[in-house]
Amino acid sequence: MPGPKRDESIIIVGAGVFGLSSALHLARAGYTNIHLFDKQDFLSTNYSFAAGSDGASADENKILRASYGGQELYQRMAFEAMREWERWNSDMASDKNLPEALKGTEKLWDRCGFLRIEKSFGQHEVDTQNSFPKEIKHTQYRITNQQRTQEATQSGIPASKFDPFNRASRGLKTDGMLDMTAGYTLASKACTYALHLCRHAGVHLHLGPSIGTFTAFLTASTKIAGIKTADGITHQAALVIVATGGWTPSLLPTSQSLLETTAGTVLTINLPPSRPDLWDKYAPENFPVWSWNMGGYDAASENPGGLYGFPRTPEGVIKFGFRGAKWTNYAFPASSGDTKISYPKTDIEEVPERAFNVVKAFCAENMPDLLDLELQRGRLCWYTDSVDNSFLISHVPGQPGLVVASGGSGHGFKFLPVLGKHVVDVVEGKSTEYTKMFGWRDVPKGKRNGLEEGEKGWRTLDKQKFVQSREWKL
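Quick notes on the rules
- Along every chain, residues carry numbers that run from 1 in the direction the sequence is written.
- Note on the predicted model: pLDDT of at least 70 is required for a residue's local features to be given, and 80 or more for side-chain atom pairs to be given and counted; whole-chain, interface and lining totals, by contrast, use all residues.
- Side-chain descriptors were evaluated using all non-hydrogen atoms of the structure, hydrogens and water having been removed beforehand.
- Going along the chain from the N terminus, every DSSP run of H or I of four or more residues is numbered as a helix, and every run of E of two or more is numbered as a strand.
- The atom set for the radius of gyration is the C-alpha atoms, and the globule formula is 2.2 Å times the number of residues raised to the power 0.38.
- In this scheme, a residue with accessible area under 20% of its type's maximum is buried, one over 50% is exposed, and one in between is partly exposed, where area comes from a 1.4 Å probe on protein chains only.
- Only heavy atoms enter the contact rule, under which two residues are in contact if any of them lie within 4.5 Å.
- Shrake-Rupley sampling with a 1.4 Å probe provides the accessible areas, and residues are treated as covered by the protein chains on show and by no other component.
- Neither His nor the chain ends contribute to the count of charged residues, in which Lys and Arg are positive and Asp and Glu negative.
- A single reference atom marks each charge: NZ on Lys, CZ on Arg, CG on Asp, CD on Glu.
- By nonpolar core we mean a set of buried residues, namely Ala, Val, Leu, Ile, Met, Phe, Trp, Tyr and Cys, connected to one another through side-chain atoms within 4.5 Å.
- Ring pairs are drawn from Phe, Tyr and Trp, using the six-membered ring of Trp, whenever the two centres fall within 6.5 Å, and their geometry is named by plane angle: stacked under 30 degrees, edge-to-face over 60, tilted for the rest.
- Whether two strands pair comes down to DSSP finding at least two bridges between them.
- A fitted line through C-alpha atoms serves as each axis, taken over the contacting stretch for helices, and the angle formed by two N-to-C directions is quoted from 0 to 180°.
- Any carboxyl oxygen of Asp or Glu within 4 Å of a side-chain nitrogen of Lys or Arg constitutes a salt bridge here.
- By definition, the crossover connecting two strands over a helix is right-handed if that path, from the first strand to the second, turns clockwise as seen with the strands pointing away from the viewer.

Colleague: Where do I start with the overall build of the protein in this structure?
Modeller: Assigned secondary structure in the protein consists of eleven helices and 24 strands. For 474 residues, the compact-globule estimate of 2.2 N^0.38 gives 23 Å, and the protein sits close to it at 22 Å. Along the three orthogonal principal directions, the C-alpha set of the protein runs to about 70 × 50 × 45 Å. Counting over 474 residues, the protein shows a buried share of 57%. A sequence separation of at least 24 residues applies to 75% of the contacts in the protein between residues at least 6 apart. Counting only carbon and sulfur atoms, one obtains 50% of the accessible surface of the protein, whose full area is about 19,700 Å². Computed over 53 positive and 52 negative side-chain charges, the separation of the two mean positions in the protein equals 2 Å.

If you want it as structure tokens, here you go:
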């Protein structure tokens, strides 16, 4: 399918990771008439959740790692993304025209290390270590290998990064891997920088409730020919790209069998300025990104799992994330029949009790000094899962002129600097290993990453008990 001409209008709906990266790479590929729409005015909110921004991209931080088991294509793309993140760090440091919100930001990504802790050394970690290139093997440290941990401390890696929860001194059995290729990105700031790059690349921005809110597709014969926005204006285009994250299944009925909107639970704590001891302890120089028993959450068990967290941000925010249970909200009519589809519910200020209890139990055992502090915020972060955890970047079958870029499945953010080049390949009809992996696909039988549960599953919000942040302190 031939792509649009370089000067024809291309509309991108959604200014999160998929939309930003698509716009930036299309501009770099020589397309000169790109229009980016979003119902949120990110120029004023700077992607800050506290300032009212919605969506998975509006977040304090995200993990940047290449630990993909045996998934070599994702691993390769993650290492490529790391090189681009390094370039963004360098470019931002020398940029004299940064948005006000980025001034004083030293870097967008921090290679502080990623400690993956499991009760036993799992097959996914074995596969990751087997697939990592030989030249970076020295960056991988099994925390039960005393020789390797000694070598690490001699090379300048703080011992606290191997045992940040002091489990060894308490005689608590722990196994895992410290991966010093990995770390975290400052998510909202990274999106603000990407939007800044888009503006300077000539992308036309339509952001805000009136001018940026999609209301309908325009059609010409059988072809998608543009969109209509909430202000009543129609916008013609040779191609429309839908990159609306958790709102994608509701806008594209044909994607409902491949995508499901789910939510992770996020809790954040502000370290008080009066506690320099905690600022030092949880600084990225001393404390790694970490995950705990990511494949081991059992709703019927009291043992915490499916949990991850970060060192403090430059502003002193510590974030916990819980994806052991991916919450759904079946409240939007499906395209046919009496069933409904999951849809983001962003207007609640409480979190499911199950998730809250997992985080609190983990902190009680491993980070009790944080239970003396106020919980700043608990919220749900809405993603779009695909049937197989792989992205969906494809022309939409039966709808010429329409491309979908979605299905981040909780691991898409790290690819912000590089993801869009694969969108360009799809737009231009090129066939690559990645366009095949991301392509429109058949729905597998049996287990489909939870999508088979539907509105009868136990993860729906209407089946949960909710708690408020004031219940945090012991």
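Colleague: I would appreciate a short explanation of the nonpolar core in the present structure.
Modeller: The nonpolar side chains of soluble globular proteins are, as a tendency, buried together. Trp85, Ile241 and Phe415 are the most contacted members of the largest nonpolar core, which has 62 residues in total. Contributions of two or more residues to this core are made by strand S1 (10-13), helix H1 (17-28), strand S2 (34-38), helix H3 (72-94), helix H6 (187-200), strand S13 (239-242), strand S23 (402-406) and helix H10 (420-427). In this view, Phe415 contacts Ser21, Tyr68, Tyr74, Met77, Ala78, Ala81 and Phe391; residues no more than four positions away in its chain are not counted. Membership of the second largest hydrophobic core comes to 43 residues, among which are Leu278, Trp292, Trp327 and Val358.

Colleague: What is the right way to read the packing of aromatic side chains from this model?
Modeller: All chains considered together, the criterion is met by 29 aromatic pairs. Centre to centre, the rings of Phe320 and Trp472 are 6.5 Å apart; their planes meet at 45 degrees, and the pair counts as tilted. Within this pair, whereas Phe320 is found in strand S17 (residues 317-327), its partner Trp472 is found in the segment after strand S24 (466-467), the two being separated by 152 residues in sequence. Grouping residues by exposure puts Phe320 and Trp472 together as buried. Judged by centre distance (5.4 Å) and plane angle (35 degrees), the ring pair of Phe391 and Phe438 falls under tilted.

Colleague: Got a minute to help me understand the sheet that holds strand S5 (residues 114-118) in this structure?
Modeller: Pairing between sheet strands relies on hydrogen bonds along the backbone, with the strands arranged either parallel or antiparallel. Reading across the sheet, the eight strands line up as S6-S7-S5-S15-S16-S17-S14-S21 and stay open at both edges, with mixed pairing between neighbours. Sheet topology places strand S6 (140-142) and strand S21 (375-386) at the edges, where each strand pairs with a single neighbour. Taken pair by pair, the neighbouring strands of this sheet meet at an average axis angle of 20 degrees, ignoring direction. Strand direction decides the pairing type here: strand S16 (residues 307-309) and S17, joined by three bridges, are antiparallel. When the bridges of S17 are listed, Leu307 appears paired with Phe322. Sheet strands touched by helix H9 (residues 353-366): strand S14 (259-270), strand S15 (289-292), S16, S17 and S21. Its angle to S17, the strand with the most contacts, is close to 130 degrees.

Colleague: Help me out: how do you make sense of the pattern of salt bridges in this one?
Modeller: Any two side chains of opposite charge can pair, given that their charged atoms come close. In total, this model carries 29 salt bridges according to the counting rule given. One salt bridge in this structure joins Lys421 and Glu80, with 2.5 Å as the shortest N-O distance. Placement of Lys421 in helix H10 and of Glu80 in helix H3 is noted, with a sequence separation of 341 residues between them. In this structure, Lys465 engages Glu353 in a salt bridge whose closest nitrogen and oxygen atoms are separated by 3.6 Å. On the criterion of sequence distance, the pair formed by Lys465 in the loop between helix H11 (433-437) and S24 and Glu353 in helix H9 is long-range, its members being 112 residues apart. For Glu353, a relative accessible area of 25% puts it in the partly exposed group. Sharing partners across several salt bridges, the network here consists of Asp59, Glu60, Lys62, Lys319 and Arg379.

Colleague: Help me out: how do you make sense of the environment of Gly439 in this one?
Modeller: Topologically, Gly439 is positioned in the loop between H11 and S24. Measuring from C-alpha to C-alpha, the distance between Gly439 and Ser394 comes to 5.1 Å, with 45 residues separating the pair along the chain. In this structure, Gly439 is in contact with Leu392, Ile393 and Ser394, ignoring residues within four places of it in sequence.

Colleague: How do you make sense of the sheet that holds strand S11 (residues 223-229) when you look at a structure like this?
Modeller: Spatial ordering of the open sheet is given by S10-S11-S12, a layout of three strands whose pairing is antiparallel. If you trace the sheet from one side to the other, it starts and ends with strand S10 (214-220) and strand S12 (234-236), each paired once. On average, each strand axis in the sheet is inclined to that of its neighbour by 30 degrees, with strand direction left out of account. Where S11 meets S12, three bridges bridge the pair, whose relative direction is antiparallel. Residue pairing in the sheet places Lys228 in a bridge with Thr234 of S12.

Colleague: Help me understand the environment of Ala263, please; the structure alone is not making it clear to me.
Modeller: Of note, Ala263 is situated in strand S14. For the pair Ala263 and Gly246, spaced 17 residues apart in the sequence, the C-alpha separation amounts to 8.9 Å. For Ala263, the residues in contact, after removing those within four places along its chain, are Arg323, Ala325, Lys326, Trp327, Leu380, Cys381 and Trp382.

Colleague: Quick question: what am I supposed to make of the pairing of S2 here?
Modeller: A regular strand places its side chains so that they alternate between the two faces of the sheet. In terms of residue burial, S2 counts as a mostly covered element, since five of its five residues are buried. Where burial is concerned, the two faces of S2 agree: the one with Ile34, Leu36 and Asp38 and the one with His35 and Phe37 are both buried. Here four bridges tie S1 to S2, and the two strands are oriented parallel to one another. From the neighbouring strand, Val13 faces S2, where its bridge partner is Phe37. Assessed by its sense of winding, the connection that carries the chain from S1 through H1 to S2 is right-handed.

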